[in-house]
Amino acid sequence: MKILMVEDEFALADTLRDRLTQEKYEVDIASDGITGHDKAMTGAYDIVIMDGMLPGKDGTEIIYEMRKAGVTTPVLMLTARSDLMDKLKGLDAGADDYMTKPFEVEELLARLRALIRRNYGQEENILTVGNLSLDRKNSSLRNTESNQTISLAGKEFKILEYFMDNPGKALTREQISERIWGHEDNVEYNNVEVYVSFIRKKLKFLKTNVCIRAVRGVGYRLDVEAADDKKATAQN
């Protein structure tokens with residue numbers, strides 16, 4: 001699970017990132033509302049932890065704009081304001097849950113787990129699409145019919161995990177790039193194409209019925225091939 005934390009209190013952000021990392025979450029931090037807005041609008045995160053009062057753009061406004069744009073990423077809102085109207089304003093903007101500072105980190109973790117269960121179901125160590133299974137613990141890929149297995153390198157694993165969490169959904173190059181590399185200045189979109197090519201070779205090696213298709217003008221989509229499609233592919 002990849003989390004975006006939009007929080008301008010550096011000490012709190014660092015503390016939460018360290019604790020979330022211990023729990024095996026990936027965490028990106030944005031320390032102002034403008035950066036947080038840009039990252040949240042990509043839809044590349046599984047959960048957003050959003051502070052209510054931010055420099056540049058208010059957290060409630062960011063959530064409202066996310067929902068207006070169709071970004072459905074679950075949001076846990078944090079704020080120092082405990083007034084009922086402030087809570088209602090955040091929830092009405094589209095926040096999924098609300099915590100008032102100060103709070104216990106263990107409660108935040110429990111609320112995150114609840115959001116994940118509510119929106120994604122119980123996270124499993126094994127992802128399965130078609131006859132392809134991905135083991136999150138050891139980054140291995142297996143054809144469940146032939147039982148043949150192959151290992152994935154770090155970014156190959158993260159990209160394929162993203163696809164397998166979203167089977168049949170077209171993912172843009174921008175979404176994939178943001179998900180894997182964040183806002184690194186030296187990253188180019190052709191990096192995505194290179195890694196997709198690597199993954200395709202491993203899928204072909206495993207003779208799986210799962211493929212990554214190019215979606216013209218958009219990006220890529222993970223599909224399960226029908227038997228006729230596989231036969232045609234093998235003949236080409």
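This text follows the structure it describes.
One numbering rule holds for all chains: residues counted from 1, following each sequence as written. Under the rules for a predicted model, residues below a pLDDT of 70 receive no local features and side-chain atom pairs below 80 are neither given nor counted, while totals for whole chains, interfaces and linings still include all residues. To obtain the side-chain values, all non-hydrogen atoms of the structure were used and water was disregarded.

**As for helix α2 (residues 33-40)**
Argument step 1. Under the scheme applied here, a residue whose accessible area is under 20% of the maximum for its type counts as buried, over 50% as exposed, and between as partly exposed, the area being computed with a 1.4 Å probe on protein chains only. The helix and strand labels rest on DSSP assignments: H or I over at least four residues marks a helix, E over at least two residues marks a strand, and numbering proceeds from the N terminus. Within the span of α2, buried status applies to Gly33, Gly36, His37, Lys39 and Ala40.
Argument step 2. Any two residues whose heavy atoms approach within 4.5 Å are treated as being in contact. Buried positions along α2 lie against β1 (2-6), β2 (26-30), α3 (59-68) and α7 (173-181).
Argument step 3. At the N-terminal end of α2, a side-chain oxygen is found 3.0 Å from the backbone nitrogen of Ile34, two or three residues along, and the residue is Asp32. Counted as a polar contact is a pair of N or O atoms within 3.5 Å, where, for protein atoms, one must be capable of donating a hydrogen and the other of accepting one, and residues adjacent in sequence contribute only when both atoms are in side chains.

**A word on the pairing of strand β11 (residues 210-215)**
Argument step 1. Whether two strands pair comes down to DSSP finding at least two bridges between them. Direction of pairing for β11 relative to strand β12 (residues 219-224): antiparallel, over a ladder of six bridges. Counterpart to Val210 in the pairing with β12 is Val224.
Argument step 2. Counted along the chain from β11 to the antiparallel partner β12, the turn is three residues long, and its residue Gly217 has a positive phi close to 75 degrees.

**Re the packing of aromatic side chains**
Argument step 1. The rule is short: rings of Phe, Tyr and Trp, with Trp giving its six-membered ring, pair when the centres are within 6.5 Å, and they are stacked under 30 degrees, edge-to-face over 60, tilted in between. The full count for this structure, using the stated rule, is two aromatic pairs.
Argument step 2. Here the aromatic rings of Trp181 and Tyr195 are separated by 5.8 Å at their centres, their planes lie at 55 degrees, and the arrangement is tilted. In this pair, Trp181 is assigned in helix α7 and Tyr195 in helix α8 (residues 190-206), connecting sequence segments 14 residues apart.
Argument step 3. Residues Tyr195 and Phe198 carry aromatic rings whose centres are separated by 5.7 Å and whose planes lie at 85 degrees to one another, so their mutual orientation is edge-to-face. In this pair, Tyr195 and Phe198 are both assigned in helix α8, three residues apart and thus about one turn of the helix distant.
Argument step 4. Residue Phe198 is classed as partly exposed on the basis of its relative accessible area of 35%.
Argument step 5. An aromatic cluster of three or more residues is present, and its members are Trp181, Tyr195 and Phe198.

**A closer look at the side chain of Asp135**
Argument step 1. Following the sequence through the fold, Asp135 ends up in strand β7 (residues 132-135).
Argument step 2. The positive count covers Lys and Arg only, the negative count covers Asp and Glu only, and His and the chain ends enter neither. Within this document, salt bridges are pairs made up of a side-chain nitrogen of Lys or Arg and a carboxyl oxygen of Asp or Glu, the two lying within 4 Å of each other. Buried within the structure, Asp135 lacks any salt-bridge partner; its nearest side chain of opposite charge belongs to Lys137, at an N-O separation of 7.0 Å.
Argument step 3. Here the side chain of Asp135 touches Asn138 through a polar contact of 3.5 Å, landing on its backbone nitrogen.
Argument step 4. Aside from chain neighbours lying at most four places away, what touches Asp135 is Asn125, Ile126, Ser140 and Phe157.

**Let's talk about the packing of α3 against helix α4 (residues 84-93)**
Each pair of packed helices can be described by the angle between their axes along with the distance between the axes.
Argument step 1. The angle between two axes is taken between their N-to-C directions and runs from 0 to 180 degrees, where each axis is a line fitted to C-alpha atoms and a helix contributes only its stretch in contact. Look at α3 against α4: their axes get within 8 Å of each other, and the N-to-C directions meet at 25 degrees. With respect to each other, α3 and α4 are oriented roughly parallel. Of α4, the residues touching α3 (which contributes Thr60, Ile63, Tyr64 and Arg67) are Lys89, Gly90 and Ala93.
Argument step 2. Polar here means any residue outside two lists: the nonpolar Ala, Val, Leu, Ile, Met, Phe, Trp, Tyr, Cys and Pro, and the charged Asp, Glu, Lys and Arg; Gly therefore counts as polar. A class-by-class count of the residues in the contact of α3 with α4 yields three nonpolar, two polar and two charged. Roughly parallel covers angles under 35 degrees, roughly antiparallel covers those over 145, roughly perpendicular covers 65 to 115, and oblique covers all other angles.

**Topic: helix α5 (residues 105-120)**
Argument step 1. The terminal C-alpha atoms of α5, which comprises 16 residues, lie 22 Å apart, in line with the 22 Å expected from a rise of 1.5 Å per residue.
Argument step 2. Contacts made by the buried residues of α5 are with β1, α1 (10-22), β3 (47-51), β4 (75-79) and β5 (97-100). The span one expects for a helix is its residue count, reduced by one, times 1.5 Å.

**Notes on unusual backbone geometry**
Argument step 1. Of the consecutive residues Lys101 and Pro102, the connecting peptide bond is found in the cis state with omega at -5 degrees.
Argument step 2. Topologically, Pro102 is positioned in the loop between β5 and α5.
Argument step 3. Unlike most non-glycine residues, Lys24 shows phi in positive territory, near 75 degrees.
Argument step 4. Of note, Lys24 is situated in the loop between α1 and β2.
Argument step 5. With relative accessibility at 72%, the residue Lys24 sits in the exposed group.
Argument step 6. Despite not being glycine, Lys207 has its phi angle at roughly 55 degrees, a positive value.
Argument step 7. In this fold, Lys207 is placed in the loop between α8 and β11.

**Describing the environment of Gly94**
Argument step 1. Mapped onto the elements, Gly94 comes out in the loop between α4 and β5.
Argument step 2. Residue classification places Gly94 among the buried positions, given a relative accessible area of 17%.
Argument step 3. Taking the C-alpha atoms as reference points, Gly94 and Asn143, 49 residues apart in sequence, are found 40 Å from one another.
Argument step 4. With sequence-adjacent residues up to four places away left out, Gly94 is seen in contact with Ile63 and Arg67.

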